[in-house]
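Here is what each chain is made of, one letter per residue.
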Amino acid sequence: MKKSKISMRWQLFGYLSLLLGVLLIVLWLFQVVFMERFYKSIKKNEIIDVGKNIEKNIGNSNLYSIMNNLADSRNLCIVLTDAMGQTIYTKNSIGPDARMTSLGATNYWIFGMAAKENGGELFIQDDDKEYTYTTIRDPKTDYSKHHIIKLKNAKDEAVIYTKIIPYQGSEYILLVNSFISPVSATVSTIRQQLFYVTMIMIVLAFGLSLYIARKITGPIIQINESAKALAGSREEIVFKEEGCKEIAELSNTLSYASKELTKTETFRRELIANVSHDLRTPLTLISGYAEMMRDIPGENNPENTQIIIDEAKRLAALVNDMLDLSKLQAGTQKIDKKIYNFTQSIKEMMNRYAALTEQEGYHINFEYDEEVEIEADELKMSQVVYNLINNAINYTGNDKIVAVHQKIVDNKIRIEVLDTGEGIAKENLPYIWDRYYKVDKSHKRAAIGTGLGLSIVRNILEAHNANYGVESKLGEGSTFWFEMTRKIG
């Protein structure tokens, strides 16, 4: 049984809803569950920063002014004593609840010693823990333990930060006292706010998720429907370029594919028509003349026999060209390269057209400056030149002039075959190398050749890695050309 799949729209809606859920959970955790922990951590870091600032300015003449500003701006009680706990400076911006103002020199000294034993600083806060400092009088027998007062307060949570500050061979004890207000009331208020915010966000996110899912998937659904229609349609289908950039690009690509498929379908129908026409004509002539020679006395003569032979040869040539083209396109026909005189090969080829020149009045000229050699498959390159000349003969103008030029350009030999026909429209030029493509759709029978010549030319030249092309203007004729590397020495 085929497993049903969820549509993209509902998948996207589900992912957006999941994202919302995760964000709300994170928001609740940070604003409610962990808020008190974050608040205490931030407060502790602020007090430690105050200690570092005072230590940095311990030798500054404006030290007292700096400590005053820190105490007032942070709502602190700051006490600075010498190593024995004797007060040097006091600033109380908390009020009568400040712990540090009532401790006295002994307790200041005890805090200092505890901080020194702890590595130079000590941070104490309301947690019911009993902090102690141990003084060793006799390493073997006598120990004295000093207890640091607890800081528990019913209203606020007190914290005392103690830091030993060395300066010019002496030590100072810095004590910073602050209060951390309870955040339970704040958390309760935030919890209520978050409840309403969560409800509103769920409603808004539900609607927004549906809108986004529909906005993104709508064009994709439309593309899918158009693609289904493309499979069974012979007409060009235009895909609407809607939605985001990637979807619009996909629509544009599919529209281009639809256009090319329509052209391919048109070419396919034309190919069948052309092949059918080119096969049917010689077969009809062969069959007709054979029946006439059989049924009518006196018609069995050399002229009728020659027509049958000529049409049979044309039919054989068409089949051979189709086989050659298929082998070239499949890459099964090997290229046998060797160095030979290309100019001499073209000159010998021109002799084949002597009868056509004399009987039909064609003027086929070959112009060159010097003889050159190339490394290529001589038989295949003869096919290239032969097919290009045949194409020019079929499409040249009423003057029946065909010109073949050999030029040397940047150590390359360039062959140009020119006709004086009607020319080819610019939009048709990319397709003339396709098999059986014809600018003239009238199925006019070629004077010479099979109609597959340019396709064979393209495949042979590509097998030789040669450059090729065509230049044409309507009413002025066409020039087919290709370039091969010249072989020197």
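This text goes with the structure placed above it.
In short, a report on the structure. (Residues numbered from 1 in each chain as written. Predicted model: local features only at pLDDT ≥ 70, side-chain atom pairs only at ≥ 80, totals over all residues. Heavy atoms only, no water.)

**Points about the side chain of T396**
Counting through the fold element by element, T396 comes out in the loop between helix 10 (378–395) and strand 11 (401–409). Within the structure, the side chain of T396 is placed 2.7 Å from the backbone oxygen of I401, a separation counted as a polar contact. Side-chain polar atoms of T396 contact the side chain of T420, separated by 3.1 Å. Not counting the four nearest positions on each side in its chain, T396 is found in contact with Y362, I401, V402, D419, T420 and G421. (Helix = DSSP H or I, 4+ residues; strand = E, 2+ residues; numbered from the N terminus. Polar contact = N/O pair within 3.5 Å; in protein donor to acceptor, adjacent residues only side chain to side chain. Contact = heavy atoms within 4.5 Å.)

**Brief notes about the environment of V404**
If you trace the backbone, V404 turns up in strand 11. In this structure V404 comes out as buried when scored by relative accessible area, which is 0%. Separated by 14 residues in the primary sequence, V404 and L418 have C-alpha atoms spaced 6.4 Å apart. Residue contacts for V404: discarding those within four places in its chain leaves N365, F366, E367, I389, I415, E416 and V417. (Buried < 20%, exposed > 50% of the residue type's maximum accessible area, 1.4 Å probe, protein only.)

**Here's the deal with the pattern of salt bridges**
Opposite charge on two side chains allows them to pair when their charged atoms are near. Evaluation of the coordinates by the stated rule reveals 13 salt bridges. Note that K338 and E378 form a salt bridge whose closest N and O atoms lie 3.6 Å from each other. Separated by 40 residues along the polypeptide, K338 in strand 8 (residues 338–341) and E378 in helix 10 bring together distant segments of the chain. Owing to a relative accessible area of 27%, E378 belongs among the partly exposed residues under this scheme. Linking E483 and R414 is a salt bridge whose minimum nitrogen-to-oxygen distance equals 3.0 Å. Here the residue E483 occupies a position in strand 14 (residues 477–487), and R414 occupies one in strand 12 (residues 412–419), the gap between them amounting to 69 residues. Residues E483 and R414 agree in their burial class; the two are buried. Through salt bridges with shared partners, a single ionic network connects K407, R414, E416, E471 and E483. (Salt bridge = Lys/Arg side-chain N within 4 Å of Asp/Glu carboxyl O.)

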